[in-house]
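Single-letter residue listing:
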Amino acid sequence: MLLIKGGRIIDPSHNIDRKADILIDRGKIVEIKSSISVKGAEVIDASNLIVSPGFIDMHTHLREPGEEFKETIESGCRAAANGGFVAIACMPNTKPPNDNPSTTRFIMEKARAANGVKVFPIGAITVEQKGEKLCEYFSMKQEGMVAISEDGKSVMNSGLMRRAMEYAATHNIPVISHCEDHNLSGKGVMNEGVYSTRYGMRPIPPQAEEIMVFRDIALSELTGCQLHLAHISTASSLFHIRRAKRKNLKVTAETAPHYLYLSDDMLYTYDTMYKVNPPLRSRADVMALRKAIKDGTIDCIASDHAPHSPAEKEVEFDIASFGIAGLETSVGLILNLVNEGVISVKRAILLMSVNPARVLGLPSVGIASGNDASITILDLKKEWTIDPLKFQSKGRNTPFAGFRVKGKAVATIVSGRVLYSEL
Amino acid sequence: MGMPKVIKKGSFNHKDLVSMEQLSERDIYLILDTARTFKEISLRRVKKVPALQGKTVINLFFEPSTRTRTSFEVAAKRLSADIINITSTASAVVKGETLMDTAQTLMAMKPDFMIIRHSYSGSAHFLSRIVSASVLNAGDGINEHPTQALLDMYTMREHNKKFEGLRVAIVGDIAHSRVARSNIIGLNKLGAKVLLVGPKTLMPYNVEKMNVTVTHNLKEAVAWADVVMMLRIQLERMTEGLFPSIREYSMLYGLNKDILKHLKKDAIIMHPGPINRNIEISPDVVNDERCVILNQVENGVAVRMAVLFLLGGQQRVNLE
């Protein structure tokens, strides 16, 4: 038995915000009361801490199968626990991609052998992500797949995307869209703006994202398919998302912590740690996104954890891989925004726990008797420095190295098992 | 004007020359003044001074280049440095070695300077962070080509142009030109006015924010300018759909006899080379007395000598 004592429980999904103890037995929450004492129970002292339903990173790249030198399912799960996540959803763009039931099953089996962090595979939209032929969504769902996405690219053929969304809707599978018009982004490596002009780098216009956001919202309206827009980075995309929400379409959206902190002017050193797709946008976009996580236009924050080995990053900017390893920095960066007054702690929990679970349709989350005991404990006061050398992830590629943040996930509990704790 | 015969250590406080962005107005004038002193050396019977004797220079060229590579080589040799040429076909790059590994391998041989030409923007900055040698950017992707801008500025000055208020028109593919970008940045620092000429497809986004004006009309620009700088048009831009045909490009943005009628008598025509005759510039324009293309090449050696000297500036050297 595990007893979490004295914490402030915040669970917006059950409208809870109060101090209470939580008793956990055999992986389930058995009691929530102002004061519980049980002989022989393992006790976690959560006084002055926040007890939240477990954080879920709905956009992670685990690199296995195929690029195990960058990350494995096992190392990614360790990184997740270290970063405060009880569950992660992994994108299909591995080598080979997760485009068939046996690959989905392989991921589930590997995940079962890992530390206990829950892994929810996301399947590809098309076979080999070639944009030609639909995958067997139904059979993949039976193996544990929770959503489909062509992450890393867009399905450029709008006719095919329509059919994919119709077929996914048939089986109640959400579609997660990576929005990028590849003819517009071309060989670009940074946001198109004053700074791409000044720094002499090939540009990616914000319209490459905006156009696909608009297209996929239109297709969601046409097909009735649940659409989730991944890693939104521009103010212009927010305009279309707000419009879709006003029309009550089944559209949700996510952004990543780096789009809430970093902007394209920072690329003056040509440091490849800042190379990410979609690219870091203007300061005005950063401010617009900070507003959107507060007002609810953005539903979720996901890390877009994209681990790379030094060989992919310690090269010329043009040929460096896109991506930031974010599993172990995301929660700290978002709690830091809470401390800066950008969002409330309740909103942070919605963005990183409650809403991702809703979008992916995950069962019985939240702090209530009888529910699975997956909990993240937060220390809003803890100040720490981001140090990639302390990552459990194999990927140390982060532009946040040396960043001071206030707020940290201090314990990660999955189905009653303490996978990470500094308490 | 009093030229410094002796240049003191520390007067040029840079390890590398990777961009015009990094230079102050004072730095630029120091380079131009130093180059004037060095230009004379190339006119001597014995074209050599011992300024960089015992120093090793590596010319690391990952893109084909004749004039820039040769110019650096001549400059280094006239300063008595030992120079080694490495071109992409000759180097290990084709075997899959990364720039990082190449740089570290070469550094083990203790060079004092590394001159890099590379097709990716920011490569010189990248190299300068990983090696202790002085890095000179000989062109990085579509970003910068600082010694070209410096030799262009030297040539303008030599033709009695004062930078304050000087009207410079740069014509052609601005978006993909490191020559244009370095000139825009440098000329701005010295107070010149820059006008860019070309179709919108060849202009970078919001380039006006770099304190320049843009026109699509070559005739107007030529009539306005004290300096007309033509850029080389890469024929691959046509296949990328940035302009429809050579014929139409040259009709709109080629410098020919007819357009030349509008050019001021004391204006000069420049081109970083190599030229596409009959595309951006017609043969009669090349032969016009206002065309200073060969002066640019000559001055390139002096400017590169000055830059090598200033970056290596450990010793006091009497140039007399």
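For the structure, check the block above.
Parameters and conventions
Residues numbered from 1 in each chain as written. Chains lettered and ligands numbered in written order. Predicted model: local features only at pLDDT ≥ 70, side-chain atom pairs only at ≥ 80, totals over all residues. Heavy atoms only, no water. Pairing = 2+ DSSP bridges. Helix = DSSP H or I, 4+ residues; strand = E, 2+ residues; numbered from the N terminus. Axes fitted to C-alpha atoms, helices over the stretch in contact; angles between N-to-C directions. Contact = heavy atoms within 4.5 Å. Buried < 20%, exposed > 50% of the residue type's maximum accessible area, 1.4 Å probe, protein only. Arc of directions from axis to C-beta. Lys, Arg positive; Asp, Glu negative; His and termini not counted. Salt bridge = Lys/Arg side-chain N within 4 Å of Asp/Glu carboxyl O. Polar contact = N/O pair within 3.5 Å; in protein donor to acceptor, adjacent residues only side chain to side chain. Buried area = accessible area lost by both parts, 1.4 Å probe. Nonpolar A, V, L, I, M, F, W, Y, C, P; charged D, E, K, R; others polar.

Peer 1: How should the sheet that holds strand β3 (residues 113–118) of chain B be read in this particular structure?
Peer 2: Adjacent strands of a sheet form backbone hydrogen bonds with each other and so pair up, either parallel or antiparallel. All names here are of chain B. Strand order in the open sheet made by the four strands is β2-β1-β3-β4, with parallel pairing throughout. Looking along the sheet, the strands with just one partner apiece sit at the ends: β2 (82–87) and β4 (134–140). Strand-to-strand, the axes of this sheet are offset by a mean angle of 15 degrees, without reference to chain direction. Where strand β1 (residues 56–61) meets β3, five bridges bridge the pair, whose relative direction is parallel. When the sheet's bridge partners are listed, Phe 61 is paired in β3 with Arg 117. Along the sheet, helix α12 (residues 293–311) makes contact with β3 and β4, crossing β4 at roughly 150 degrees.

Peer 1: Help me understand helix α9 (residues 246–253) of chain B, please; the structure alone is not making it clear to me.
Peer 2: One full turn of an α-helix is made of 3.6 residues, so residues set three or four places apart face in the same direction. All names here are of chain B. Along α9, the positions that sit buried rather than exposed are Tyr 249, Ser 250 and Tyr 253. Along the axis of α9, the buried residues cluster in a sector spanning 95 degrees; they form a single face. Exposed side chains of α9 directed beyond 90 degrees from the buried face belong to Arg 247 and Met 251.

Peer 1: Help me understand the side chain of Arg347(A) in this model?
Peer 2: All names here are of chain A. By secondary structure assignment, the location of Arg 347 is in helix α12 (residues 345–360). Buried Arg 347, no salt bridge; nearest opposite-charge side chain is Asp 299, N-O distance 5.9 Å. A polar contact of 2.6 Å, which involves the side chain of Arg 347, links it to the backbone oxygen of Ile 293. Setting aside chain neighbours within four positions, we find Arg 347 in contact with Ile 293, Lys 294, Gly 296, Ile 298 and Asp 299.

Peer 1: What should I look at first to understand the interface of chain A and chain B in this one?
Peer 2: Interfaces are often described in size by the accessible area the parts lose on coming together. At the junction of the two partners, chain A supplies 19 residues and chain B supplies 22 residues. Carbon and sulfur atoms make up 58% of the surface buried where chain A meets chain B, a total of about 1800 Å² over both sides. In terms of surface lost to chain B, no three residues of chain A exceed Thr197(A), Tyr270(A) and Glu316(A), which account for 34% of the buried area on that side. At the boundary of chain A with chain B, the tally comes to zero salt bridges. Where chain A meets chain B, there are seven residue pairs in polar contact (both at pLDDT 80 or more). Counted by class, the side of chain A that touches chain B contains seven nonpolar, five polar and seven charged residues.

Functional significance is not addressed by these values, which are geometric in nature.
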